[in-house]
4 protein chains.
Amino acid sequence: MHLASTMGAMGEVRRRGRPRSATADRAILEATRELLVENGYAGLSMEGVAARTGVGKPTVYRRWPSKGALVAEAVNHGFLAATPGRGVDPPDTGDIEADIRQWLRGYAALAADPRHTPLVLALTAAAAENPQDAEVLYQQLTGPRHEALVERLRRGVDAGQVRADADLDAVADAVTGALLYQLLTGNAAASERRAAALVDILLGGLRAGPGEA
Amino acid sequence: MHLASTMGAMGEVRRRGRPRSATADRAILEATRELLVENGYAGLSMEGVAARTGVGKPTVYRRWPSKGALVAEAVNHGFLAATPGRGVDPPDTGDIEADIRQWLRGYAALAADPRHTPLVLALTAAAAENPQDAEVLYQQLTGPRHEALVERLRRGVDAGQVRADADLDAVADAVTGALLYQLLTGNAAASERRAAALVDILLGGLRAGPGEA
Amino acid sequence: MHLASTMGAMGEVRRRGRPRSATADRAILEATRELLVENGYAGLSMEGVAARTGVGKPTVYRRWPSKGALVAEAVNHGFLAATPGRGVDPPDTGDIEADIRQWLRGYAALAADPRHTPLVLALTAAAAENPQDAEVLYQQLTGPRHEALVERLRRGVDAGQVRADADLDAVADAVTGALLYQLLTGNAAASERRAAALVDILLGGLRAGPGEA
Amino acid sequence: MHLASTMGAMGEVRRRGRPRSATADRAILEATRELLVENGYAGLSMEGVAARTGVGKPTVYRRWPSKGALVAEAVNHGFLAATPGRGVDPPDTGDIEADIRQWLRGYAALAADPRHTPLVLALTAAAAENPQDAEVLYQQLTGPRHEALVERLRRGVDAGQVRADADLDAVADAVTGALLYQLLTGNAAASERRAAALVDILLGGLRAGPGEA
DNA sequence: CCCTAAACGAGACGGTACGTCTTGTCTTGCT
DNA sequence: AGCAAGACAAGACGTACCGTCTCGTTTAGGG
């Protein structure tokens, strides 16, 4: 999440000089999303973003130092807007299988939406191209979701629905990774169906006792 | 696989003046790999490849029409060289769990090698940036491995080690995706360990009957 | 000469609000001179002047609307300071040749001083780049000197030392122009010597009757 | 004079690779002249030149490393084209006064032409802004003319029309400088008339014996 | 003795140009 | 014919300034 654009309403220091325009912030992020959908990550340029927004290039660079950082925030905003009321993290009804399946199907459906697929691919490209963009992306987007999923699974352990010795991080990696891999291989269509199947198998393995035993 | 790189060594007609061919091919691919390791995908340029190889740009473009295609072949060559004797696909000893665990650990170790991680990330970037590079990459690299894994699992079904109604494609997605996701999040270190844990859980789920449903 | 900076001592209306800081005025002009000496006219920026002075850009623009106007006043101040007691215009001892030679040598020496050459070149650049800066510069700096020189020559005519039909403006142009040309061609070193030689020749021509005609 | 554009016809080394386009050379120089006339030196940009020519910026920078160098050659070409048949240096009919007057009037007329004044001012600005552009300009344009004038005067000395002890360089500086000064002060109109008057006076001084004597 | 208007520093704004880099194509001369 | 070399048109890169604007903070009159 970008700092300068979100603070300021509160009564902190208020740096001197003309404050940054919140309008410009929003317009830039929206233009970024549009251009990503139209041209993909490779076809996105800071120049183009500035031009479409009707803003000078320095105004863009002042806020986001790189394509990766810009894309991170643009996509994040887009996703937050796309999941308005309902939360972004798995529910907890007590039924772990239903909870995780619902959550994963929701994500699969979201990612498979043709308006969102290019955004996810853009994030992936940014992360794959530049390790420090990857870091930012993980902090802002992927990490929290990973943690929330692990946390939900941990509550499943507490409830005795999941065996205690399971590597929950590995499960979360598999769930997220499978989704990502399907988008990368152009298999977004299969995504939702396979997500359900995967939850079946994973939870089967998580319910049972350890491996060979 | 590109054509020009395979002909030339043999003694065919020898059209006027092209003795360099095979040498240039190999040198270009090697330079590409070096530059990927040094600068990442974003820092790779056709210009730079030509310069490092000591070759004119048209010589590069004549063989590979895009950065993506060049990277695909360069990385593929690099991997084939890295797994010299032993095959690249899962073994079949009859013990499905051991086979898949061994195969996945091997891949995890290969990908976690600091000389290979940048190459995998480059492939990911190429696929994420450009759908048609993604297509090429899937055809050449990922697809065959996916198929081989599914095939091995299918033999597990035949042997009664895996339940028949499982979505084997979903499993293969999860396995490959988890690996990829770990590399993207800079978690290559955890890769090998989590790979083993994941195999445990997945095969547990595959052995058991279907979920609650 | 800039207006706002010189008035104020007198008892006019005294606009309300905080008066402009005379200190800032002087500091800006000095910073301008320093930067001109260091980086030349091309390397001078309003931004740089404000930064070096420790002043906001509007404070500069409020006083001088353009680089040219700022440079004009900065250099003028510098010159006035450099010729403290003695006048800036030719003396009148009755001996026209001595008067003009002394005056021209003084100017040549002043302009050849490495601390002043960049200032003169800056004025030239400003005038050459922008006709209306040229106009301002002529009004403030060059014009008065030209007129004073012509006036001194005219008194030579009255005294019978200079022939009456001579084009005194042409002579003044030649004297000033020669100096300027020497600075432009990096020949400041030769300036003082050639100035004397030129006075010899010009006054020889001015004493004698008209040419062949 | 630019090297690469003029040599090449002769049988030297002929660097490898695609040769530079002579057409582009000419078009760039012409666009430069047009833009100078339209917007002056301050309003000239490499960007603008490239755009008007329909050429990429690197194509401009490959040939001329700076605005100054570009302007030098552009103006030089323009002047050579403007004085087609007749020479650019003073004639020698034996009558030194007539020769110099004619030559100077020619130059005054040329420079006073509204199509040429901006070009001369541009040269002046370039020289005044940047000492090394000044050097280039002097080598290419001003120096040779200065030398030619001094040479003509020297022949006047040989012919006994000019006194031997005169500083001919000072005279040449005065002649060129007066012209330049008139352009800078927006006095191009007076130029031709004053040029004639100046020649009268200077040659009067040159004919007579030394100063007071 | 506050009130208020102007100037202050800071710095963001929409822009333009900078000089460099890369892209993919092309045109050379050499081999 | 294929090669290296390198010029070409195009256009993005990230930076520096432009001249204007909007802030919150002085600073002095004048009411």
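Residues numbered from 1 in each chain as written. Chains lettered and ligands numbered in written order. Predicted model: local features only at pLDDT ≥ 70, side-chain atom pairs only at ≥ 80, totals over all residues. Heavy atoms only, no water.

This part is about the protein's contact with DNA strand F. In the region of DNA strand F, 40 residues are neighbours, and Lys57(A), Tyr61(A), Arg62(B), Tyr61(C) and Arg62(D) sit closest. Atoms of DNA strand F within 4 Å of the protein: sugar and phosphate make up 60%, bases the balance. Between DNA strand F and Arg62(B), the relevant distance is 2.4 Å, taken from a phosphate oxygen to a side-chain nitrogen or oxygen of the residue. Between a base oxygen of DNA strand F and a side-chain N or O atom of Arg18(C), the distance comes to 2.8 Å. Residue composition of the surface near DNA strand F, grouped by class: 11 nonpolar, 12 polar and 17 charged. (Near = heavy atom within 4 Å. Polar contact = N/O pair within 3.5 Å; in protein donor to acceptor, adjacent residues only side chain to side chain. Nonpolar A, V, L, I, M, F, W, Y, C, P; charged D, E, K, R; others polar.)

You can overlay chain B on chain A at an RMSD of 0.1 Å; the transform is a turn of 180° with a shift of 0.1 Å along its axis. Between the two chains, the operation in question is that of a two-fold axis. When the interface residues of chain B are mapped onto chain A, 100% of them again fall at the interface, so both copies present the same face. (Least-squares fit on C-alpha atoms with pLDDT ≥ 70 in both. Contact = heavy atoms within 4.5 Å.)

Taken together, the contacts link 42 residues of chain B with 42 residues of chain A. Across the interface of chain B and chain A, roughly 3600 Å² is buried in total on both sides, 65% from carbon and sulfur atoms. Sorting the residues of chain B by area buried against chain A places Glu129(B), Tyr181(B) and Ile201(B) first, and these three jointly supply 20% of that buried surface. Of the charged contacts in the structure, one is a salt bridge between Arg194(A) and Asp169(B), with a shortest N-O distance of 3.8 Å. Linking chain B with chain A are 4 residue pairs in polar contact (both at pLDDT 80 or more), by the criterion used here. Those elements that provide at least two residues to the side of chain B that touches chain A are helix 6 (117–129), helix 7 (131–158), helix 8 (168–184) and helix 9 (188–207) of chain B. Counting residues per element, the side of chain B that touches chain A draws most heavily on helix 8 of chain B, which supplies 12 residues. (Buried area = accessible area lost by both parts, 1.4 Å probe. Salt bridge = Lys/Arg side-chain N within 4 Å of Asp/Glu carboxyl O. Helix = DSSP H or I, 4+ residues; strand = E, 2+ residues; numbered from the N terminus.)

Listed per partner, the contact involves 42 residues of chain D and 42 residues of chain C. Summed over both partners, the interface of chain D with chain C comes to about 3500 Å²; 64% of that surface belongs to carbon and sulfur atoms. Among the residues of chain D in contact with chain C, Glu129(D), Tyr181(D) and Ile201(D) are the three that bury the most area, contributing 20% of the side total. At the junction of chain D and chain C, the tally comes to 4 salt bridges. Its salt-bridge partner being Asp173(D), residue Arg194(C) comes within 2.6 Å of it at the nearest N-O pair. Between the two partners, chain D and chain C, sit 4 residue pairs in polar contact (both at pLDDT 80 or more). Within the residue set of the side of chain D that touches chain C, elements represented by two or more residues are helix 6 (117–129), helix 7 (131–158), helix 8 (168–184) and helix 9 (188–207) of chain D.

Our next topic: the relation of the copies chain D and chain C. When chain D is brought onto chain C, the operation consists of a screw motion whose angular component is 179° and whose axial shift is 0.1 Å, with 0.2 Å RMSD remaining. Comparing interface residues between copies, 100% of those in chain D also lie at the interface in chain C; the contact surface is shared.

Turning our attention to the packing of aromatic side chains. Residue and element names in this part refer to chain A. Using the criterion set out here, one finds 4 aromatic pairs over all chains in the structure. Ring geometry for Trp-103 against Tyr-107: centres 5.1 Å apart, planes inclined by 55°, an arrangement best described as tilted. Of this pair, Trp-103 and Tyr-107 both sit in helix 5 (residues 96–112), 4 residues apart, which is roughly one turn of that helix. Tyr-107 matches Trp-103 in its accessibility class, with the two residues each being buried. (Phe/Tyr/Trp six-rings, centres within 6.5 Å; stacked < 30°, edge-to-face > 60°. Buried < 20%, exposed > 50% of the residue type's maximum accessible area, 1.4 Å probe, protein only.)

Residues in contact with DNA strand E amount to 43 residues; listed here are only the nearest, Arg62(A), Glu47(B), Arg62(C), Lys57(D) and Tyr61(D). Of all DNA strand E atoms lying within 4 Å of any protein atom, the proportion belonging to sugar or phosphate reaches 65%. Contact between DNA strand E and Gly54(C): a phosphate oxygen at 3.5 Å from a main-chain N or O atom of the residue. Sorting the residues of the surface near DNA strand E by element identifies helix 3 (57–63) of chain A, helix 2 (46–53) and helix 3 (57–63) of chain B, helix 3 (57–63) of chain C together with helix 2 (46–53) and helix 3 (57–63) of chain D as the ones contributing at least two each. Taken together, the residues of the surface near DNA strand E sort by class into 11 nonpolar, 13 polar and 19 charged.

According to UniProt, the positions carrying the feature "domain: HTH tetR-type" (unreviewed entry) are residues 22–82 of chain A. In this annotation, residues 22–82 of chain A is assigned 80% helix and 0% strand; the end-to-end C-alpha distance for the span is 20 Å. (UniProt positions renumbered as here; feature names shortened; annotations may be inferred.)

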